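Listed below, chain by chain, are the residues.
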Amino acid sequence: MHGFTHWLLTAAMIATGSAAAAQPSGQTIANEGLGSDAAPCTSCHGADGGGNPAAGFPRLAGIGAPYLADQLDAFASGARDNAVMKPIAQALSDDQRRAVAEYYSGLPVPEQDSTDTDDIPAAGVELAEHGRWSDGLPACVQCHGPAGVGVGERFPPLAGQSATYIENQLRAWRNGKRPGGPMGLMAGVAAKLEEADLAPVARYFAAQSPTTDEADDHE
Amino acid sequence: MSSRIPLLTVAVSFFLLAGVLVWIATQERGRPSPEPRATAQASDAPGTSDERPAGSAPDEPASTTSAGPTADDGSQPFTPPPRDALPDDEFGAMVRKGEQVFTNTQEHAGQFVGNDLQCANCHLDAGRLADSAPLWAAWGEYPAFRGKNKHVNDFAERIQGCFRYSMNGTPPPRGHDVLLALQAYSYWLASGAPVGESLPGRGYPELDEPEQSPSYARGQDVFESHCALCHGDDGQGQRAADGEIAFPPLWGLRSYNWGAGMHRVNTAAAFIKANMPLGATTLSDQQAWDVARFINSHERPQDPRFTGSVEETAERFHGQYSTYGQTVDGRRLGANAPPAGTAPASPSP
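Residues numbered from 1 in each chain as written. Chains lettered and ligands numbered in written order. Predicted model: local features only at pLDDT ≥ 70, side-chain atom pairs only at ≥ 80, totals over all residues. Heavy atoms only, no water.

Chain B goes by Cytochrome C in an unreviewed UniProt entry, where it is assigned to Salinisphaera orenii MK-B5.

The name given to chain A in an unreviewed UniProt entry is Cytochrome C, and the organism recorded there is Salinisphaera orenii MK-B5.

Undergrad: Whenever I open this one, the overall build of chain A confuses me. Can you help?
TA: Of regular secondary structure, chain A possesses 11 helices and 0 strands. By element, 55% of the accessible surface of chain A is carried by carbon and sulfur atoms, the whole surface being about 10,700 Å². (Helix = DSSP H or I, 4+ residues; strand = E, 2+ residues; numbered from the N terminus. Areas by Shrake-Rupley, 256 points an atom, 1.4 Å probe, with all protein chains shown as cover.)

Undergrad: Even after reading the chapter, I still don't get the UniProt feature "domain: Cytochrome c" (unreviewed entry) in chain A, so can you show me in this structure?
TA: The UniProt feature table records "domain: Cytochrome c" (unreviewed entry) at residues 21-108 and 119-209 of chain A. Summarising residues 119-209 of chain A: 49% helix, 0% strand, and an end-to-end C-alpha distance of 15 Å. (UniProt positions renumbered as here; feature names shortened; annotations may be inferred.)

Undergrad: Looking at this structure, I do not really get the domain arrangement of chain B. What am I missing?
TA: How large an interface is tends to be reported as the accessible area lost when its parts come together. Residue and element names in this part refer to chain B. Each assigned domain of chain B is listed with its residue range as follows: domain 1 (75-189) and domain 2 (216-332). Taken over C-alpha atoms, the centre of domain 1 sits 22 Å from the centre of domain 2. At the interface, 15 residues of domain 1 touch 21 residues of domain 2. The tally of links between domain 1 and domain 2 comes to 2 salt bridges. Note that D116 and R239 form a salt bridge whose closest N and O atoms lie 3.9 Å from each other. In this assembly, domain 1 and domain 2 are joined by 9 residue pairs in polar contact (both at pLDDT 80 or more). Partitioning the side of domain 1 that touches domain 2 into residue classes produces 5 nonpolar, 6 polar and 4 charged. (Domains from an automatic or database assignment. Contact = heavy atoms within 4.5 Å. Salt bridge = Lys/Arg side-chain N within 4 Å of Asp/Glu carboxyl O. Polar contact = N/O pair within 3.5 Å; in protein donor to acceptor, adjacent residues only side chain to side chain. Nonpolar A, V, L, I, M, F, W, Y, C, P; charged D, E, K, R; others polar.)

Undergrad: Is there a simple way to think about helix α6 (residues 155-164) of chain B in this case?
TA: Structural remark: α-helix, 3.6 residues per turn; residues separated by three or four positions point the same way. Listed in full, the buried residues belonging to α6(B) are F155(B), A156(B), I159(B), Q160(B), G161(B) and F163(B). Where α6(B) is buried, its residues meet α3 (105-108), α5 (135-139), β2 (151-153) and α7 (177-189) of chain B. (Buried < 20%, exposed > 50% of the residue type's maximum accessible area, 1.4 Å probe, protein only.)

Undergrad: Can you walk me through the UniProt feature "binding site: heme c 2" (unreviewed entry) in chain A in this structure?
TA: Mapped onto this numbering, the UniProt entry gives "binding site: heme c 2" (unreviewed entry) at C140(A), C143(A), H144(A) and M186(A). A maximum C-alpha distance of 11.6 Å places the annotated residues, which cover 47 residues in sequence, within one compact spot. Looking at where C143(A) falls in the secondary structure, it is placed in helix α8 (residues 140-144). Residue class for C143(A) comes out buried when judged on its relative accessible area of 16%. Every residue in contact with C143(A), bar those within four places of it in the chain, is listed here: V151(A), F155(A), F247(B) and L278(B). Along the chain, the position of M186(A) falls in helix α10 (residues 185-191).

Undergrad: Any chance you could explain the pattern of salt bridges here in plain terms?
TA: Oppositely charged side chains are able to pair whenever their charged atoms sit close together. Under the defined criterion, the tally for this structure stands at 22 salt bridges over all chains. With a shortest N-O distance of 2.3 Å, R174(B) and D154(B) are connected by a salt bridge. You can see R174(B) sitting in the loop between α6 and α7 and its partner D154(B) sitting in the loop between β2 and α6, a full 20 residues away along the chain. Classification of R174(B) by relative accessible area gives exposed; the value is 52%. A relative accessible area of 27% means that D154(B) is categorised as partly exposed. Beyond isolated ion pairs, a larger network of salt bridges with shared partners links D73(A), D94(A), R97(A) and R98(A).

Undergrad: I tried to follow a negative patch on the surface on my own but got confused; where do I start?
TA: All names here are of chain B. A contiguous patch of negative charge, built from D221, E224, D233 and D234, is present on the exposed surface. Along the chain, the position of D234 falls in the loop between α9 (228-231) and β3 (238-239). D234 sits in the partly exposed class, given a relative accessible area of 45%. (Patch = residues over 30% accessible without salt bridge, like charges linked within 9 Å, V, L, I, M, F, W, Y side chains within 5 Å. Lys, Arg positive; Asp, Glu negative; His and termini not counted. Charge placed at Lys NZ, Arg CZ, Asp CG, Glu CD.)

Now the structure itself:
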């Protein structure tokens with residue numbers, strides 16, 4: 001190998017190696033936070049990353065790392081407008097955001113008590129499973145998977161997610177308080193939704209079981 | 001920590017980045033651009049291709065001007081009955097079965113399917129959507145003469161064709177429940193529609209010829225920016241966390257075969273322009289032509305009419321809009337195609 005290149009690579013390894021050694025791991029950030037700058041994630045998102053549905057804190061466990069990292073970046077820049085998350089995300093370095101995103105994406109999805117699916121409003125079922133093509137609106141499940149189990153790393157699971165949280169996010173997109181996501185897809189979707197659509201469809205996904213028997217079979 | 005370390009990191013990163021940029025630049029220059037052999041087969045000799053002869057019932061039904069929900073004359077497309085209007089009797093049960101076969105063909109008619117597609121993947125909203133070859137517009141147009149097989153086809157035979165080509169499978173035999181159910185479903189969706197009249201919204205609205213001849217390289221850019229997110233970087237689709245196919249494959253062993261209507265660049269361009277990216281249809285005509293050219297320049301299952309020779313098959317069955325038999329990236333399309341109809345039904349998840 002060219003002598004200079006070799007020197008460069010070695011220097012790069014030393015530099016990044018020593019930086020990494022000083023970094024708290026994703027797990028440490030999640031459980032302990034960063035001193036007074038950032039509270040532990042677990043204080044709101046639960047010890048197992050399962051969230052707190054009643055309080056509207058979302059589940060993080062098992063959600064794609066690229067998606068989670070994008071969200072932390074958007075909280076930090078303010079593009080995703082959230083007063084609680086903004087200072088926390090800003091306290092994390094780029095690498096720390098990625099580390100904690102990786103950590104949560106690798107956590108198993110916690111079992112959740114099955115909720116009553118009988119009282120899901122029919123309008124929620126219709127929108128989630130069939131969309132509203134007269135307005136050019138595809139079914140939610142076409143991108144988020146059957147019953148919202150999630151597809152790949154970019155289409156997050158909605159099944160078993162907090163209803164309050166889902167509803168708030170849809171509203172945030174409608175009000176331009178959250179970036180539209182890859183290709184602006186969610187901004188486009190939200191623009192076609194009415195206020196009256198939000199609660200029923202959020203209720204549909206909150207009632208679905210977040211765990212699937214066959215997860216991991218098709219990596 | 002010494003403050004010299006971060007400085008060093010910055011300097012080193014700068015050098016590395018510069019190196020990468022130089023490398024990318026050289027790669028770009030070296031990229032082959034497999035352009036189409038500009039309309040190699042200049043025209044479709046009558047009766048030699050899957051084009052329809054003049055005056056026959058259309059395989060490409062929609063006329064450019066009248067089709068579509070936003071037709072200039074303000075006419076609204078036909079509206080099929082709502083889902084919950086289905087009668088709760090034996091007829092209703094058969095219709096419901098047809099809807100299930102149509103939307104989840106893998107599960108309800110898997111023995112006749114040789115790829116990962118569902119009927120509804122190309123006929124959106126369960127065959128209800130105007131400009132997505134809706135079933136309600138098809139029902140009243142058969143029996144009809146088809147250039148593809150040069151005789152009059154009834155609706156059942158038309159559907160058998162979809163199984164053979166689009167689904168790369170073995171068609172259900174005449175009289176089979178699966179065919180009956182699909183007919184019942186189509187008939188019901190067409191409740192109140194006129195017979196023998198081409199309805200606005202039928203087929204995929206035909207596009208004008210593109211200004212620039214469709215380009216593989218430009219199409220690849222469109223694919224990467226507008227399609228790969230869902231259909232995967234390799235075009236092979238994606239499965240949901242429960243193992244079900246969420247985004248269907250666009251080429252390869254588990255997609256439509258070389259005899260399917262969608263393999264023709266004009267048909268794919270028309271479908272894509274009206275229906276893709278899903279829920280965000282913003283492509284220009286040129287982009288739709290380019291990306292159609294790109295996705296149809298990859299290998300897929302063989303044409304079921306394969307004669308044993310790519311050249312002869314191309315000449316007998318493939319017109320100017322087909323890429324079959326052309327050479328892309330040094331490989332002849334069709335020459336390495338896996339046999340048609342032999343892929344097993346979707347591997348159980």
